[in-house]
Amino acid sequence: FAYHNDPDCDRKKNLQIIGPIGFKNYYKGLKKLYGDSIKPKNYEITISEVEQSSFDINDIKIKTYKTYHTEESIGFRFEYKDKILAVSGDTGYHKNVIELCERADLAVLECSLPEYQCGEYHLNPMASGQIAEKAQVKKLLLTHLYPVMENYPIVDKCKKYFSGEVEVAINFKEYII
């Protein structure tokens, strides 16, 4: 949508999207709903669907892990040279998420709700911190915050369980690992 409607977004390189099983149908539904407003102007989109797997794109090793939000939900682990980036997407607390994040230089975990509101399909600051600590993550970046988290002491709550660096994600900020 942004590439189509924002004059500062002038993408020309083709876009490869890798998502869980069902993502192609999801994208078809978006195209049906939004029509030409999301149709690429100067590039092509290719969508690949994956389950729990491992594959390489150039020098980047990518592993997917089942996460626990929906039946199809997956997290991504990117390994490049000696650096590891782990991204959970929506998930509940599970050993797969700890394995996904194991020894990551940067783990991006969702942190949707406070402990007192959180169900089994999202993480809260306590669960995010526990996962990061057990996985021996170097830096934890928290994202996907619901409005109730706006004035909640997210980092302080998380730091009770995680001894490493914690930050709340900021839109459009670059994070270098």
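To be clear, the structure that these remarks concern was listed above.
Residues numbered from 1 in each chain as written. Predicted model: local features only at pLDDT ≥ 70, side-chain atom pairs only at ≥ 80, totals over all residues. Heavy atoms only, no water.

Trainee: It is not clear to me how the pairing of strand β5 (residues 74–80) should be interpreted in this structure. Could you clarify?
Mentor: A regular strand carries its side chains on alternate faces of the sheet. Counted residue by residue, β5 has five buried out of seven residues, so it is predominantly covered. Across six bridges, strand β4 (residues 60–66) lies against β5 in antiparallel orientation. Opposite Ile-62, over in β5, you have Phe-78 as the bridge partner. Where β5 and strand β6 (residues 83–87) come together, five bridges link them in antiparallel fashion. Pairing of Phe-76 across the sheet is with Val-87, part of β6. Counting the residues between successive antiparallel strands, the hairpin from β5 to β6 contains two residues, one of them, Lys-81, with a positive phi of roughly 55°. (Buried < 20%, exposed > 50% of the residue type's maximum accessible area, 1.4 Å probe, protein only. Helix = DSSP H or I, 4+ residues; strand = E, 2+ residues; numbered from the N terminus. Pairing = 2+ DSSP bridges.)

Trainee: In this structure, what is going on with the packing of aromatic side chains? I would like to understand it.
Mentor: What describes a pair of aromatic rings is the distance from one ring centre to the other and the angle between the planes of the rings. The full count for this structure, using the stated rule, is three aromatic pairs. Centre to centre, the rings of Phe-23 and Tyr-26 are 5.6 Å apart; their planes meet at 45°, and the pair counts as tilted. A residue pair is termed a helical-turn pair when its members lie 3 or 4 positions apart in one helix, as Phe-23 and Tyr-26 do in helix α2 (residues 23–34) at three residues. The ring centre of Tyr-43 lies 5.5 Å from the NZ or CZ of Arg-11, which sits over that ring. The ring of Tyr-68 has Lys-66 lying over it, and the distance from NZ or CZ to the ring centre is 5.2 Å. (Phe/Tyr/Trp six-rings, centres within 6.5 Å; stacked < 30°, edge-to-face > 60°. Lys NZ or Arg CZ within 6 Å of the ring centre and 35° of its normal.)

Trainee: Before we go on, may I ask you to explain the sheet that holds strand β9 (residues 165–168) in this structure?
Mentor: The strands that make up a sheet are held in pairs by hydrogen bonds between backbone atoms, and each pair lies either parallel or antiparallel. If you walk across this open sheet you meet the seven strands as β3-β4-β5-β6-β7-β8-β9, and the pairing is mixed. What marks the edges here is a single partner per strand, and that holds for β3 (54–57) and β9. Taking the axes of each pair of neighbouring strands and ignoring which way they run, one obtains an average angle of 20° across the sheet. Relative to β4, β3 runs antiparallel, the two being bridged by four bridges. The residue bridging Asp-56 from the neighbouring strand is Lys-61, located in β4. Sheet strands in contact with helix α4 (residues 125–135) are β7 (106–110) and β8 (139–143), and its direction is about 155° off that of β8. (Axes fitted to C-alpha atoms, helices over the stretch in contact; angles between N-to-C directions. Contact = heavy atoms within 4.5 Å.)

Trainee: When you look at the pattern of salt bridges in this model, what are you seeing that I'm missing?
Mentor: Note that side chains of opposite charge can pair when their charged atoms are close. Scanning the model with the defined rule gives seven salt bridges in all. With its nearest N and O atoms 2.7 Å apart, the salt bridge here joins Glu-79 to Arg-77. Each member of the pair Glu-79 and Arg-77 is classed as buried. We note a salt bridge from Lys-138 to Asp-105, for which the minimum N-O separation is 3.0 Å. In this pair, Lys-138 is assigned in the loop between α4 and β8 and Asp-105 in the loop between α3 (95–101) and β7, connecting sequence segments 33 residues apart. Accessibility expressed as a relative area gives 54% for Lys-138, which makes it exposed. Connected through shared salt-bridge partners, Lys-139, Glu-165, Glu-167 and Lys-173 make up one network. (Salt bridge = Lys/Arg side-chain N within 4 Å of Asp/Glu carboxyl O.)

Nothing here speaks to function; it is all geometry.
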